[in-house]
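# Examining the three-dimensional arrangement
Residues per chain, in single letters:
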Amino acid sequence: MAGVFSLLRRLYLTLYNWTVFVGWAQVLFLAVRTLKESGHEHVYNSVEKPLLLAQTAAVLEILHGLVGLVRSPITATLPQIGSRLYVTWGILYSFPEIRTHFLVSSLVISWSITEIIRYSFFGTKEALGFAPSWLMWLRYSTFFLLYPTGISSEVGLIYFALPYIKKSEKYCVRMPNTWNFSFDYFYAAILVLGVYVPGSPHMYSYMLGQRKKALSKSKRE
């Protein structure tokens, strides 16, 4: 029975990883083509559907960790996926005014290259039981450049969206109301920006540790 479960797990994770890989590959292709043909102002509109699908699919990774399908700690997975979902849905999808900013291009390209490498690595590992050394190196080394560009783009887009958030009052809850509760999305966005200050160095340090651990293990094998 354990053998059957292990096989089903590998089949599911292989399918999941390669399906999301295709989504991110589409995002990168459309982003680069649009940059070349039309300029950065049109990048978001060209990638919106595959971006929303591919990024939202990452929610399943939280469930994978919770039920034990993967060994990734929720403490590392949740903040990273949560921040990306916030930028994807809470900023780009919710405030069209920010979609033409040039940081959308750097965000989308940083995310898509990172995810193409990551999902192909795990997809290969689940399908074959191992991943080529060059793919492992890419998986644990490209973040040196792509993490700073991705995080900078996330922070920049949230910051530049603040005037539109404040003006629109979207997602705000004002008193009086039945629940006797108020919520201001503008100040919530500022709070999110504040979380990036300790959160970004922490995640970068975590990935450095993961790189050292993974590459050291690869050399021993």
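The following refers to the structure shown.

Criteria and cut-off values
Residues numbered from 1 in each chain as written. Predicted model: local features only at pLDDT ≥ 70, side-chain atom pairs only at ≥ 80, totals over all residues. Heavy atoms only, no water. Helix = DSSP H or I, 4+ residues; strand = E, 2+ residues; numbered from the N terminus. Rg over C-alpha atoms; globule rule 2.2 N^0.38 Å. Salt bridge = Lys/Arg side-chain N within 4 Å of Asp/Glu carboxyl O. Buried < 20%, exposed > 50% of the residue type's maximum accessible area, 1.4 Å probe, protein only. Axes fitted to C-alpha atoms, helices over the stretch in contact; angles between N-to-C directions. Left-handed = near helix turned anticlockwise from the far one by under 90°. Contact = heavy atoms within 4.5 Å. Patch = residues over 30% accessible without salt bridge, like charges linked within 9 Å, V, L, I, M, F, W, Y side chains within 5 Å. Areas by Shrake-Rupley, 256 points an atom, 1.4 Å probe, with all protein chains shown as cover. Lys, Arg positive; Asp, Glu negative; His and termini not counted. Charge placed at Lys NZ, Arg CZ, Asp CG, Glu CD. Phe/Tyr/Trp six-rings, centres within 6.5 Å; stacked < 30°, edge-to-face > 60°. Lys NZ or Arg CZ within 6 Å of the ring centre and 35° of its normal.

This part takes up the overall build of the protein. A count of helices and strands for the protein gives eight helices and zero strands. For the protein, the succession of helices and strands along the chain, N to C, is α-α-α-α-α-α-α-α. A compact globule built from 221 residues would reach a C-alpha radius of gyration of about 17 Å, and the protein, at 19 Å, matches this within 12%. Dimensions of the protein along its principal axes, counting C-alpha atoms only, are 60 × 45 × 30 Å.

A few words now on the pattern of salt bridges. If you walk through the whole model with that rule in mind, you get seven salt bridges. One salt bridge connects Arg118 with Glu61, and the closest N-O pair in it is separated by 3.0 Å. Taken together, the residues span a long stretch of sequence, with Arg118 in helix 5 (residues 103-128) and Glu61 in helix 3 (residues 59-67) at a distance of 57 residues. Of the two residues, Arg118 and Glu61, neither departs from the other in class, the shared state being buried. Arg174 is the partner of Glu169 in a salt bridge, and the nearest nitrogen-oxygen pair spans 3.2 Å. Judged by its relative accessible area of 39%, Arg174 is partly exposed. It is possible to trace a salt-bridge network through shared partners that takes in Glu61, Arg84, Glu115 and Arg118.

This brings us to the packing of helix 4 (residues 74-93) against helix 7 (residues 143-168). At a minimum axis separation of 11 Å, helix 4 and helix 7 run at an interaxial angle of 30 degrees. Handedness of the crossing formed by helix 4 with helix 7: left-handed. Two secondary-structure elements touch here, helix 4 through Ser83, Arg84, Tyr86, Val87, Ile91 and Leu92 and helix 7 through Glu154, Leu157, Ile158, Ala161 and Ile165.

Here we come to a positive patch on the surface. A contiguous patch of positive charge on the surface is contributed by Arg71, Lys125, Lys213 and Lys217. By the element assignment, Lys125 lies in helix 5. By relative accessible area, which is 36% here, Lys125 ends up partly exposed.

Turning our attention to the packing of aromatic side chains. Inspection of every chain in the model, using the stated rule, returns 16 aromatic pairs. Between Tyr147 and Tyr204, the aromatic rings sit 5.8 Å apart at their centres with planes inclined by 40 degrees, giving tilted as the arrangement. In this pair, Tyr147 is assigned in helix 7 and Tyr204 in helix 8 (residues 185-220), connecting sequence segments 57 residues apart. We classify Tyr147 as buried; its relative accessible area is 14%. Consider the rings of Tyr171 and Tyr185, whose centres lie 5.0 Å apart with planes at 75 degrees: the pair is edge-to-face. Of this pair, Tyr171 sits in the loop between helix 7 and helix 8 while Tyr185 sits in helix 8; the two residues are 14 residues apart in sequence, bridging distant segments of the chain. An aromatic cluster of three or more residues is present, and its members are Tyr86, Phe95, Tyr171, Phe183 and Tyr185. Here the guanidinium or amino end of Lys166 rests over the ring plane of Phe186, the centre of that ring lying 5.2 Å away. When the ring centre of Phe95 is taken as origin, the NZ or CZ atom of Lys170, which lies over that ring, is 5.3 Å away.

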